[in-house]
Amino acid sequence: MATESTGLRESKKQETRQLISDHATRLFMEQGFEQTTIAEIATAARVAKKTVTNYFPRKEDMALDHHEAFTASLAGAVTGRSEGESALSALRREFAAAVEQCNPVAGFAGPDFARMIAESPTLTARLRELHDQREEALAAALADVAPADALPLAPRAAAALLAAAHRLLFQRIQELTLAGEPNDRIAAAVAPEATYVFDLLATGLDNHRPPQV
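Residues numbered from 1 in each chain as written. Predicted model: local features only at pLDDT ≥ 70, side-chain atom pairs only at ≥ 80, totals over all residues. Heavy atoms only, no water.

Peer 1: Is there a simple way to explain the overall build of the chain in this structure?
Peer 2: Within the chain one finds 10 helices and zero strands. Listed by position from the N terminus, the elements making up the chain come as α-α-α-α-α-α-α-α-α-α. Its C-alpha atoms give the chain principal-axis dimensions of about 55 × 50 × 30 Å. Here the chain holds 213 residues, and 38% of them are scored as buried. (Helix = DSSP H or I, 4+ residues; strand = E, 2+ residues; numbered from the N terminus. Buried < 20%, exposed > 50% of the residue type's maximum accessible area, 1.4 Å probe, protein only.)

Right, here's the structure in full:
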């Protein structure tokens, strides 16, 4: 019974969190991020202002509510790859799957959402910060699998290149979204561009084996 009760509480918390995020994002897209207040979000979600700030200490994370999945995505592809699969191959495979699924973590979020970020200095800065955090997590994952004789800088160097490629492709998806292209056409355009980018990475990283990229 205790386990069931705990599960129900956690489920209710997740529902409340999602409710707040959904209403906040709607208001941000309608009014602008900077123009929307915590009080307005609380009223729309029918919760107290303190409830909003308890769930989201940072206002930006109500809009970028996939931030944890985003920052962990590249490292997760490395740590979860098959035995014998290189980090580069795993990242290429995961990105191709994300494009096929039009995954929001890859940048597919619709024109209204993309415009909301582009028009908000605060959200634009937060997104840059999340890209940086994603690179740091990837560097840590690569360091964990680096051979003993690898240069100390090697994991960070590889992570910088790999994260930069993902940042570029994310921006490309946003660019096409803001231009009014539907997701299927964006995916069709980005897939060969991603192949080109990852081929460039393979040319460089294959000549520098540590840390097994």
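We are not done yet, so read on.
Peer 1: Help me out: how do you make sense of unusual backbone geometry in this one?
Peer 2: Note on backbone geometry: most residues besides glycine have negative phi, and most peptide bonds are trans. Positioned with a positive phi, arginine 46 is a non-glycine residue whose angle comes to about 60°. Its location among the elements puts arginine 46 in the loop between helix H2 (38–45) and helix H3 (49–55). Of the residues examined, arginine 46 reaches a relative accessible area of 79% and is grouped as exposed.

Peer 1: Can you help me understand the packing of aromatic side chains in this one?
Peer 2: Think of a pair of aromatic rings as described by two things: how far the centres are apart, and how the planes are tilted against each other in angle. In total, this model carries three aromatic pairs according to the counting rule given. On the basis of an interplanar angle of 55° and a centroid distance of 6.1 Å, the ring pair of phenylalanine 95 and phenylalanine 198 is categorised as tilted. Of this pair, phenylalanine 95 sits in helix H6 (residues 87–101) while phenylalanine 198 sits in helix H10 (residues 183–205), and the two are 103 residues apart along the sequence. Pair check on accessibility: phenylalanine 95 and phenylalanine 198 agree, each one buried. Against the face of phenylalanine 70 rests arginine 134, its NZ or CZ located 4.1 Å from the ring centre. (Phe/Tyr/Trp six-rings, centres within 6.5 Å; stacked < 30°, edge-to-face > 60°. Lys NZ or Arg CZ within 6 Å of the ring centre and 35° of its normal.)

Peer 1: Is there a simple way to explain the environment of leucine 88 in this structure?
Peer 2: Inspection of the secondary structure puts leucine 88 in helix H6. For leucine 88, a relative accessible area of 5% puts it in the buried group. For the pair leucine 88 and leucine 201, spaced 113 residues apart in sequence, the C-alpha to C-alpha distance is 8.1 Å.

Peer 1: Explanation requested: the pattern of salt bridges in the structure shown.
Peer 2: Opposite charge on two side chains allows them to pair when their charged atoms are near. A complete count under the given rule lists 14 salt bridges for this structure. The closest approach of N and O atoms between arginine 26 and glutamate 30, which form a salt bridge, is 3.5 Å. Separated by four residues within a single helix, arginine 26 and glutamate 30 lie in helix H1 (residues 2–31), roughly one turn from each other. Across the pair glutamate 94 and arginine 93 runs a salt bridge whose closest N-O atoms are separated by 3.0 Å. Residue glutamate 94 is classed as partly exposed on the basis of its relative accessible area of 38%. (Salt bridge = Lys/Arg side-chain N within 4 Å of Asp/Glu carboxyl O.)

Peer 1: What's the story with the environment of leucine 200 in this structure? I'm lost.
Peer 2: Among the secondary structure elements, leucine 200 is positioned in helix H10. Separated by 139 residues in sequence, leucine 200 and aspartate 61 have C-alpha atoms that sit 34 Å apart.

Peer 1: Sorry, what's going on with the nonpolar core here?
Peer 2: Where a protein is soluble and globular, its nonpolar side chains tend to be buried together. Counting residues in hydrophobic clusters, the biggest one holds 33 residues, and the most contacted among them are Phe95, Leu138, Leu142, Leu162 and Val190. Listing elements by their share of this core, those giving two or more residues are helix H5 (67–79), H6, helix H8 (121–144), helix H9 (154–178) and H10. The greatest single-element share of this core, amounting to nine residues, is contributed by H10. For leucine 162, the contacting residues outside a window of four places in its chain are Leu88, Leu91, Leu138, Leu142, Leu201 and Leu205. Judged by nonpolar contacts, the second largest core, of 22 residues, contains Phe70, Val105, Leu127 and Phe170. (Core = buried A, V, L, I, M, F, W, Y, C linked by side-chain atoms within 4.5 Å. Contact = heavy atoms within 4.5 Å.)

Peer 1: It is not clear to me how the side chain of threonine 16 should be interpreted in this structure. Could you clarify?
Peer 2: Following the sequence through the fold, threonine 16 ends up in helix H1. Judged by its relative accessible area of 14%, threonine 16 is buried. Among residues more than four places away in sequence, those in contact with threonine 16 are Thr51 and Tyr55.

So far we have only geometry, and geometry alone does not tell us how the molecule works.
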